[in-house]
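Geometric and topological summary
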Amino acid sequence: MKRRVVVTGIGCVSPFGVGVDTLWENLKKGNSGIKKLTVVDTQKHLVHIGGEVPEFDTTPFVDAKDARRMDKFILCSVVAADLAMQDANFDLENEDMTRFGVIAGSAAGGLDTIQKNHEVMTQRGYHKCSPFMVPMMISNMAAGKISIKYGIRGISKTIVTACATGAHSIGDALRAIQYGDADVMIAGGAEAGICDLGIGAFTSAKTLSRSNDEPTKASRPYDVNRDGFIMSEGAGILVLEERERAIKRGAKIYAELVGYGQSSDAYDMVAPDPEGKGATLAMELAIKEAGLQPKDIDYINAHGTSTHVGDIAESNAIAKLFGDLDTNKNLKVSSTKSMHGHMIGATGATEAIVCIKAIKESIIPPTINLVEQDPEVANLNYVPNEAIKANVNYALTNSFGFGGQNASLVFKKY
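A brief report on the enclosed structure follows. Small disclaimer: the values here were computed from a predicted structure and weren't measured.

**Comments concerning the overall build of the protein**
Secondary structure assignment for the protein yields 13 helices and 15 strands. What you see for the protein is a C-alpha radius of gyration of 20 Å, in line with the 22 Å of a compact globule of 414 residues. With the C-alpha coordinates aligned to their principal axes, the bounding extent of the protein is approximately 65 × 55 × 40 Å. Scored against the burial criterion, the 414 residues of the protein give a buried share of 61%. Here the contacts in the protein between residues at least 6 apart in sequence split such that 79% fall between residues at least 24 apart. When the 43 basic and 49 acidic side-chain charges of the protein are each reduced to a single mean position, those positions are 4 Å apart.

Dropping the structure here:
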C-alpha cells in the first residue's frame, strides 16, 4: 500500500518579492507583478515587460561569496528552499539525512550566465570564461546546492520538462515517498531567464506579449485581446513528508498531495494538441489516483498562459472532463499567470503553492484582465478580476511544457 504524503513547508520567490505571504496577499488583491524590464536594454528588444524578481538581501540565506558563484535561478531556488525548510521546522541535528531527498529543476538553467560568459569568450578568448560557468549554468545545480546546504544524502536529481518542470518535480517527489525511497522530499522548480538571450529567443518564437504600454494589463488569459505570455522568474519549493511521520513530530500540515498524472501530447514541439488529449489524460490520471471523480474538484489553477492556442486547448480539455458552466456550476478555474506571469520551470511549483493557500484560506484568486472572454475558449467560471470566497476541498493544478509534456497534481484539504 502506498504511503500518504502531506505538505509541511512552502517557500517561494516571485515577481512580488520573497516569501509566500507576499505572493498570496498580492494574488488575493488581484495585483500584477509585471513591470517594465530593468535588467535588459529594452531599446534593443521588441518586448519591454516581464516579471522580474526585485532585488533583495540574500545574506540571511546565502553567504555573499557563495551567492556570487550562483546564477540567479540557483539563488532563487536556495532561498525558496530555505523558507520552506524553516516553515517545516525540522530538528535537522537529530534527523537521518539519508531519508531526505531533493528534486528541483529549471527549464533553461543559467541563461544569463551563458550569455555573459559567451560575451567574455568572444571578446577575450574562449579560455577566459569564469571557472564557475559550468556549475552556475547547469540545471541540476538547483538541487545540488539545496542538498549541499542541508546535508541531504538521499535522492538528489533534476527534472527538465520546460514549463512542467516544477509540477513534475513535485509529482516524482510524491512517488519517492509513496514507495519508501525517502521520508521527506524538497521539491519544486526555479527559473531566471530574463536576459537578452531569453527575451530575444522567446520573442523570435512569437510567444511573448508586446503590450509594452500597459505592463499590468498585458497578461490576460482567456481574453479576446490576449497576445502572448509574460516571461517571469523566481522559484517555488514544497516540503513533502510521509503523513504518519509528520503527525508524529507534530508538524504543521498544509494539505495532502493525493494525485499525480503525467502524459505526453505526442503532437508538436511547441503547440499543444488542439483537442487537449494530453491535458485530459494527465488530469484523468491525477484524479483517478486521488480516488475521486471530476465533480469532486472544486478549483483548478490552470496552465492558462495567455496564448491563443494554449488557452483554447486547455479550457476545452477541462470542459470535456469536468463539464462547462451549463453542467458544472461549482467548478472554479483561474490563471494566476495573469498576475505573476509565466515563471517557466518555477511556475508549476508556485501554482501548487497557490492551490494549497486556496485550500487553507477558502479563497480562490482571480484571473485578472479578463474583460471580454474569447468565444473560442470553453464556457467556464474563470473567476474574472476579483478573488472569491469558496470552500475548496480538492484543488488541481495543471502544467504543460514545450514538447507536449504534461503534469497535473491534486491537493486535498487536510
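Having seen the model, we can carry on.
**A short note on helix H7 (residues 165–178)**
The end-to-end C-alpha distance of H7 is 20 Å, a good match for the 20 Å that 14 residues give at a rise of 1.5 Å each. The element H7 is extensively covered by neighbouring structure, given that twelve of its 14 residues are classed as buried. Every buried residue of H7 is accounted for by Thr165, Gly166, Ala167, His168, Ser169, Ile170, Gly171, Ala173, Leu174, Ala176, Ile177 and Gln178. Phi for Gly180, located one or two positions after H7, is positive at around 85°.

**Structural notes on the packing of aromatic side chains**
Taken as a whole and assessed by the stated rule, the structure comprises three aromatic pairs. Ring plane angle 75° and centroid distance 5.8 Å describe the contact between Phe202 and Phe229, whose orientation is recorded as edge-to-face. Within this pair, whereas Phe202 is found in helix H8 (residues 196–204), its partner Phe229 is found in the loop between H8 and strand S8 (234–242), the two being separated by 27 residues in sequence. For Phe202, a relative accessible area of 21% puts it in the partly exposed group. Ring centres of Tyr222 and Tyr382 lie 4.0 Å apart, and the angle between their planes is 20°; this geometry places the pair in the stacked category. Residue Tyr222 is located in the loop between H8 and S8, and its partner Tyr382 is located in the loop between strand S12 (363–364) and strand S13 (388–389); the two are separated by 160 residues in the primary sequence. Across the pair, exposure class does not vary: Tyr222 and Tyr382 are buried alike. A cation over an aromatic ring shows up here: Lys149 above the ring of Tyr150, its NZ or CZ 5.8 Å from the ring centre.

**Let's talk about the nonpolar core**
Counting residues in each nonpolar core, the largest one holds 46 residues, and the members touching the most others are Ile170, Leu238, Leu240 and Phe411. Ranked by the residues each element gives to this core, the list is headed by helix H13 (residues 347–361), at eight residues. Formed by 36 residues, the second largest nonpolar core is a distinct cluster that contains Ala67, Leu83, Ala104 and Ala143.

**Examining unusual backbone geometry**
Even without a glycine there, the phi angle at Asn89 is positive, about 60°. Looking at the element boundaries, Asn89 is found in the loop between helix H3 (72–88) and strand S5 (100–105). The phi dihedral of Asn385 falls on the positive side, at around 70°, and the residue is not glycine. Of note, Asn385 is situated in the loop between S12 and S13.

Here is what the cut-offs are and how they apply
Residues numbered from 1 in each chain as written. Predicted model: local features only at pLDDT ≥ 70, side-chain atom pairs only at ≥ 80, totals over all residues. Heavy atoms only, no water. Helix = DSSP H or I, 4+ residues; strand = E, 2+ residues; numbered from the N terminus. Rg over C-alpha atoms; globule rule 2.2 N^0.38 Å. Buried < 20%, exposed > 50% of the residue type's maximum accessible area, 1.4 Å probe, protein only. Contact = heavy atoms within 4.5 Å. Lys, Arg positive; Asp, Glu negative; His and termini not counted. Charge placed at Lys NZ, Arg CZ, Asp CG, Glu CD. Expected span 1.5 Å × (residues − 1). Phe/Tyr/Trp six-rings, centres within 6.5 Å; stacked < 30°, edge-to-face > 60°. Lys NZ or Arg CZ within 6 Å of the ring centre and 35° of its normal. Core = buried A, V, L, I, M, F, W, Y, C linked by side-chain atoms within 4.5 Å.

The values reported here are purely geometric and, on their own, carry no functional implication.
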